[in-house]
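Listed below are the residues making up each chain.
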Amino acid sequence: MADETTTTPVEKTTKAPTVPASRVDRSVPTSRVTTEDTAGGKTTIADGVVAKVAGIAAREVSGVYALGGGGARAFGAIRDAINATDLGQGVKVEVGETQAAADITIVVEYPAPIQEVASNVRHAVAGAITRLVGLEVVEVNVDVNDVHIPGDDNDDQTESRVA
């Protein structure tokens, strides 16, 4: 008696694309923060507003020279020259209905202690978003991109060493 083997077709399974987990609670997906007022209206706050608030707060911290990476700072210099400063430069925010998260890229002024400056930026940004926008801040990531050394400015305002 011959041994018969039967083969079954192999089932192909496809995985569903993975969606990166959000850092903020997005019970209602939205790109704007909307709150209802007891007076019968609603307030809508755009993501760009949250980014500007974070950028302004970060710039006010002692030891922060600039925000953004090298390319962003180059474009920022052009925008500054034509009076179109982007206060959200170097800031990325993720905004949910009641929570926000921010990523800030900074350049630290030498010789400021980098960890202390980053911590102060984290606290200032979280406080400003909570106070001014009314959102719970779940995280503020600070990326120190560069250290600015005052002598490296290449401007003509430096004092000559000889008379």
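Refer to the structure printed above.
Once that is clear, we can look at the environment of Ala118. Tracing the backbone shows Ala118 in helix H3 (residues 114-133). Judged by its relative accessible area of 6%, Ala118 is buried. Expressed as a C-alpha distance, the spacing of Ala118 and Asn141, which sit 23 residues apart in the sequence, is 8.9 Å.

The next thing to look at is the pairing of strand E4 (residues 91-95). In the sheet, E4 pairs with strand E5 (residues 99-109) via 5 bridges, with the strands oriented antiparallel. Residue Glu94 lies in a different strand from E5, and its bridge partner there is Ala101. Linking E4 back to E5 in an antiparallel pair, the connection comprises 3 residues.

Moving on to unusual backbone geometry. Residue Pro111 is bonded to the preceding Tyr110 through a cis peptide linkage, with omega at 10°. Take Pro111: it is sitting in the loop between E5 and H3.

Our next topic: the nonpolar core. As a rule of thumb, soluble globular proteins bury nonpolar side chains together. Counting residues in each nonpolar core, the largest one holds 28 residues, and the members touching the most others are Ile104, Ile106, Val121, Val125 and Ile129. Sorting the residues of this core by element identifies helix H1 (47-59), strand E3 (64-67), E4, E5, H3 and strand E6 (136-148) as the ones contributing at least two each. Per element, the largest residue contribution to this core is 7 residues, and it comes from H3. Leave out the neighbours within four places in its chain, and Ile104 touches Ala54, Ala58, Leu67, Gly90, Val91, Val121, Val125, Val140, Asn141, Val142 and Asp143.

This brings us to H3. With 20 residues, H3 extends 28 Å from end C-alpha to end C-alpha; this agrees with the ideal 28 Å at 1.5 Å per step. Within the span of H3, buried status applies to Val117, Ala118, Val121, Val125, Ala128, Ile129 and Val133. For H3, the arc enclosing every buried residue in end-on projection is 100°, short of the 170-degree limit, so these residues lie on one face. Along H3, exposed side chains directed more than 90 degrees from the buried face belong to Gln115, His123 and Arg131. Where H3 is buried, its residues touch strand E2 (42-46), H1, E3, E5 and E6. Just downstream of H3 lies Gly134, where phi reads positive at about 85°.

Procedures and definitions
Residues numbered from 1 in each chain as written. Predicted model: local features only at pLDDT ≥ 70, side-chain atom pairs only at ≥ 80, totals over all residues. Heavy atoms only, no water. Helix = DSSP H or I, 4+ residues; strand = E, 2+ residues; numbered from the N terminus. Buried < 20%, exposed > 50% of the residue type's maximum accessible area, 1.4 Å probe, protein only. Pairing = 2+ DSSP bridges. Core = buried A, V, L, I, M, F, W, Y, C linked by side-chain atoms within 4.5 Å. Contact = heavy atoms within 4.5 Å. Expected span 1.5 Å × (residues − 1). Arc of directions from axis to C-beta.

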